[in-house]
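# Notes for the structure review
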Amino acid sequence: MAEIIGVRFKEVGKVYYFDPLDLKLNINDRVIVETSRGVECGVVAIANKEVSEENIVRPLKKILRKASDEDLAKVEENKIKEKKAFSICVQKIAEHNLDMKLVEVEYTFDNSKILFYFTADGRVDFRALVKELASVFKTRIELRQIGVRDEAKLLGGLGICGRPFCCNSYLGEFQPVSIKMAKEQGLSLSPVKISGTCGRLMCCLKYEQEAYTDLLKTIPKVGAIVSTPNGEGKVVEANPISKVLKVTLKKAPDAAPSTFKSNEVKVIKDAQIKVDKKELEALKKLE
């Protein structure tokens, strides 16, 4: 076991473990730490606690100090610099006629580096831009291309549910989501229905997936051949939550599907939920 504290550098970002040394810190305390990017100011997200060695990546970097009033004043000063740097960079991007969109600018606490986050449809040759920015700011410059999900996390906004983006309000890290999840949850595969504001699959598809996975084990799937009180048929619709099935009967294939509870039928041959290749091809850009 080892004593750690968890530090977060973004309002809703990944939590990193640090060695607290002899400091006793509380949640929301501001601390100055040494990171791979240089000296940074972060917020304590996990107070002093012991965790097993298998959950730690050694060596643990150490806390330098608890942030002083002077440190916090410098953080605010950096925020003002970031706004100015953003305006200058937007101007330089236009001058170089680069097909890229600047999303955010971030100064490291010690001003040893400025990071410019941007989005673009493809690769961008920004070498000339970096040189010009370095001559303007007289420090190390890093341009980092990010995806549309990261852009949404940085900028925030409201989702189609009317609530703030999950990624911007409480999700520390993105969870993997897939077209198959939408299919298993019986959702329409229309991009408008299953994609978020960022244009990718909604993160919330992950929330109920475990429950749907368990529920789908208890009922026949769409495409299953079943025996019903009215004869043999094929499942054309299945609701895992209500456990109601719609079955097209073999003896009346052109008639409207009959409705049964899952406990009223017996599975002759179950099916698997698969995403059709054409569907996957049409929707692969959402993943």
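This structure is a prediction, so every number in the text was calculated from the model and none was measured.

Bringing the nonpolar core into the picture now. One finds Met 100, Ile 114, Phe 116, Leu 133, Phe 137, Ile 141 and Leu 143 to be the most contacted residues of the largest nonpolar core, which totals 16 residues. Broken down by secondary-structure element, the contributors of at least two residues to this core are helix H1 (69-95), strand S6 (101-107), strand S7 (113-119), helix H2 (127-137) and strand S8 (140-145). In contact with Leu 143, not counting residues within four places along its chain, are Met 100, Phe 116, Phe 118, Phe 126, Leu 129, Val 130 and Leu 133.

Once that is clear, we can look at the sheet that holds strand S12 (residues 258-261). Spatially, S12-S11-S10-S9-S13 is the arrangement adopted by the five strands of the open sheet, whose pairing is antiparallel. The open sheet terminates on both sides in strands that have one partner only, identified here as S12 and strand S13 (266-269). For this sheet, the mean angle separating the axes of adjacent strands, direction not counted, is 45°. In this structure, strand S9 (residues 225-228) lies alongside S13, joined through three bridges in antiparallel fashion.

Tracing the backbone shows Glu 104 in strand S6. Separated by 19 residues in sequence, Glu 104 and Ala 85 place their C-alpha atoms 9.7 Å apart. Apart from the residues within four sequence positions on either side, Glu 104 is in contact with Lys 10, Phe 86, Leu 115, Phe 116, Tyr 117 and Leu 154. There is a polar contact of 2.9 Å between the side chain of Glu 104 and the side chain of Lys 10.

The five strands are arranged S2-S1-S4-S3-S5 in an open sheet whose pairing can be described as antiparallel. What marks the edges here is a single partner per strand, and that holds for strand S2 (15-18) and strand S5 (63-66). Strand-to-strand twist of the sheet, defined as the mean angle between neighbouring strand axes without regard to direction, takes the value 45°. Of the strand pairs in this sheet, strand S3 (residues 30-35) and S5 are connected by three bridges, and their pairing is antiparallel. Opposite Val 33, over in S5, you have Ile 63 as the bridge partner.

Let us now look at the side chain of Gln 185. Tracing the sequence through the fold places Gln 185 in the loop between helix H5 (179-184) and helix H6 (191-194). Once residues lying within four places of it in the same chain are set aside, the contact partners of Gln 185 are Leu 205, Glu 208, Gln 209 and Tyr 212.

Attention shifts here to the pattern of salt bridges. Across all of its chains, the model carries 19 salt bridges by this definition. Among the ionic pairs, Asp 125 bridges to Arg 127, the shortest N-O distance being 2.9 Å. What makes Asp 125 partly exposed here is its relative accessible area of 49%.

A word on the packing of aromatic side chains. A full pass over the atoms with the stated rule returns four aromatic pairs. On the numbers, 6.0 Å between centres and 50° between planes, the contact of Phe 9 with Tyr 16 is tilted. Note on Tyr 16: relative accessible area 39%, which makes it partly exposed. Ring centres of Phe 116 and Phe 137 lie 6.2 Å apart, and the angle between their planes is 45°; on these two criteria the pair is classed as tilted. Highlighted residues: Phe 116 in strand S7 and Phe 137 in helix H2, separated in sequence by 21 residues.

Within helix H3 (residues 148-155) the residues assigned to the buried category are Arg 149, Glu 151, Ala 152 and Lys 153. One or two residues past the end of H3 sits Gly 156, with phi positive at roughly 75°.

What counts as what
The written sequence of each chain sets the order in which its residues are numbered from 1. Per-residue local features of the predicted model are confined to residues with pLDDT of at least 70, and side-chain atom pairs are confined, for both listing and counting, to 80 or more; whole-chain, interface and lining totals are unaffected and use all residues. Side-chain measures here rest on the full set of heavy atoms in the structure, leaving out hydrogens and waters. We define a nonpolar core as any set of buried Ala, Val, Leu, Ile, Met, Phe, Trp, Tyr and Cys residues linked to one another through side-chain atoms lying within 4.5 Å. Using a 1.4 Å probe on the protein chains alone, a residue whose accessible area is under 20% of its type maximum counts as buried, one over 50% counts as exposed, and one in between counts as partly exposed. Secondary structure is summarised from DSSP: a helix means a run of H or I of at least four residues, a strand means a run of E of at least two, and numbering begins at the N terminus for each. In what follows, residue pairs with any heavy atoms lying within 4.5 Å of each other are defined as contacts. In this scheme, strands are said to pair when DSSP sees at least two bridges between them. Axis angles are defined between N-to-C directions and span 0 to 180 degrees, where every axis is a line fitted to C-alpha atoms and, for a helix, only to the segment in contact. Side-chain atoms alone can form a polar contact between residues adjacent in sequence; in general such a contact is a pair of N or O atoms within 3.5 Å, and within protein one must be able to donate a hydrogen while the other accepts it. Basic side-chain nitrogens of Lys or Arg form a salt bridge, by our definition, when they fall within 4 Å of a carboxyl oxygen of Asp or Glu. Each Phe, Tyr or Trp ring (for Trp, its six-membered ring) is paired with any other whose centre lies within 6.5 Å, and the angle between the two planes then decides the class: stacked below 30 degrees, edge-to-face above 60, tilted in between.

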